[in-house]
Amino acid sequence: GWNRELDKDRIETMRKQHNVDEFFDKYTFYHIGYNLRPTEITGFLGLELVKHIDSITKTRNENYKKFDKVIKSNPDFQKIDASHMDFVSNFSYPLILKDEETLSKYKKLFSNTVEIRPIVGGYIVDQPFFVDYTKKRSVYYNCQNAKEINKFGFYFPNHHELTEEEINHLCDLLKGQDT
């Protein structure tokens, strides 16, 4: 469904045709497709990782708490209420900024040193394949919260092998500091 394996000219044509920002391009679904990646090798690797799941999830939870503490003290971010959860072990941390200017600032800060990605589950209604689908059926969906998340959000990694230096760097970025 996406254009990752196409030549650069075709990718650019699709982006322009559907008015897709470069940041979203690798995560835009132009056509309905299938995600058929699992193989015997990934199954084997997954089973090996299960042996370390307690350590991995514990480390991600500790990282999450550090990131969350910084985010809660920064008015640039919309706060995500996870107070009903005792344990959060996310593979990435979603950020939702208060406006486009602030989003642009943090995307620039992060993208210098940290791979960031759009919140791809954000607003599927704007995905080109879905627009085509709904046009054919004369149906329209308005998912305002998902639209806001998509418009003002991105992920950064919460990998269980982040070093203390990398965690500190991420925390500095979350404070709005270019280190």
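It should be emphasised that the depicted structure is a prediction, and the values quoted were computed from it without experimental measurement.

**Q** So what's going on with the nonpolar core? Which residues, and what values?
**A** Of all hydrophobic cores here, the largest spans 25 residues; its most connected members are Phe67, Leu95, Phe110, Phe154, Phe156 and Leu174. Mapped onto this core, the elements with two or more residues apiece are α4 (53-72), β1 (92-96), α5 (100-111), β2 (153-157) and α8 (164-174). It is α8 that provides the largest number of residues to this core, a total of 5 residues. With residues up to four places along the chain from it excluded, the contact list for Leu95 reads Ile71, Phe77, Phe110, Ile119, Phe152, Gly153, Phe154, Phe156 and Leu174.

**Q** Give me the layout of surface pockets: which residues, what numbers.
**A** Estimates place the volume of the largest pocket at around 550 Å³. Around the largest pocket sit 22 residues that line it, and Asp21, Phe24, Asp126, Asn150 and Lys151 are the ones nearest its centre. Secondary-structure elements contributing two or more residues to the lining of the largest pocket are α2 (22-25), α5 and α7 (144-152). Among the residues making up the lining of the largest pocket, the classes are represented as 10 nonpolar, 6 polar and 6 charged. The computed volume of the second largest pocket comes to approximately 310 Å³.

**Q** Which residues make up the packing of α5 against α8, and what values go with them?
**A** At a minimum axis distance of 10 Å, the contact between α5 and α8 shows a crossing angle of 160 degrees. With respect to α8, the element α5 is oriented roughly antiparallel. Like other packed secondary-structure pairs, α5 and α8 cross with a definite hand, here right-handed. Here Tyr106, Leu109 and Phe110 of α5 come into contact with α8, specifically with Leu170, Leu173 and Leu174. Its residues assigned to classes, the contact of α5 with α8 shows 6 nonpolar, no polar and no charged.

**Q** Can you explain the packing of aromatic side chains? Please cite residues and give values.
**A** Counting across every chain of the model gives 13 aromatic pairs. Considering the side-chain rings of Phe23 and Phe24, the 5.4 Å spacing of their centres and the 80 degrees angle between planes classify their relative orientation as edge-to-face. What makes Phe23 buried here is its relative accessible area of 17%. Taken together, a centroid distance of 5.9 Å and an interplanar angle of 35 degrees make the contact between Phe130 and Tyr133 tilted. Pair noted here: Phe130 and Tyr133 are both in helix α6 (residues 128-137), with a separation of 3 residues, about one helical turn. By relative accessible area, which is 36% here, Tyr133 ends up partly exposed. Taken together through their ring pairs, the aromatic side chains of Tyr64, Phe67, Tyr93, Phe110, Phe154 and Phe156 make up a single cluster. Sitting over the face of the ring of Trp2, Arg4 holds its NZ or CZ atom 3.6 Å from the ring centroid.

**Q** An account of the side chain of Asn158 is requested, with residue identities and associated values reported.
**A** With respect to the element layout, Asn158 can be found in the loop between β2 and α8. Engagement of the side chain of Asn158 in a polar contact is seen with the side chain of Asn90, the distance being 2.8 Å. When sequence neighbours within four positions are dropped, the list of residues in contact with Asn158 reads Arg60, Asn63, Tyr64, Phe67, Asn90, Phe91 and Ser92.

What counts, and where the lines are drawn
- Residues numbered from 1 in each chain as written.
- Predicted model: local features only at pLDDT ≥ 70, side-chain atom pairs only at ≥ 80, totals over all residues.
- Heavy atoms only, no water.
- Core = buried A, V, L, I, M, F, W, Y, C linked by side-chain atoms within 4.5 Å.
- Buried < 20%, exposed > 50% of the residue type's maximum accessible area, 1.4 Å probe, protein only.
- Helix = DSSP H or I, 4+ residues; strand = E, 2+ residues; numbered from the N terminus.
- Contact = heavy atoms within 4.5 Å.
- 1 Å grid on protein atoms, 1.4 Å probe; cavity = no way out; pocket = protein on both sides within 12 Å on 5 of 7 lines; lining within 4 Å.
- Points joined across faces, edges and corners; volume = space filled by probe spheres on them.
- Nonpolar A, V, L, I, M, F, W, Y, C, P; charged D, E, K, R; others polar.
- Axes fitted to C-alpha atoms, helices over the stretch in contact; angles between N-to-C directions.
- Parallel < 35°, antiparallel > 145°, perpendicular 65-115°, else oblique.
- Left-handed = near helix turned anticlockwise from the far one by under 90°.
- Phe/Tyr/Trp six-rings, centres within 6.5 Å; stacked < 30°, edge-to-face > 60°.
- Lys NZ or Arg CZ within 6 Å of the ring centre and 35° of its normal.
- Polar contact = N/O pair within 3.5 Å; in protein donor to acceptor, adjacent residues only side chain to side chain.

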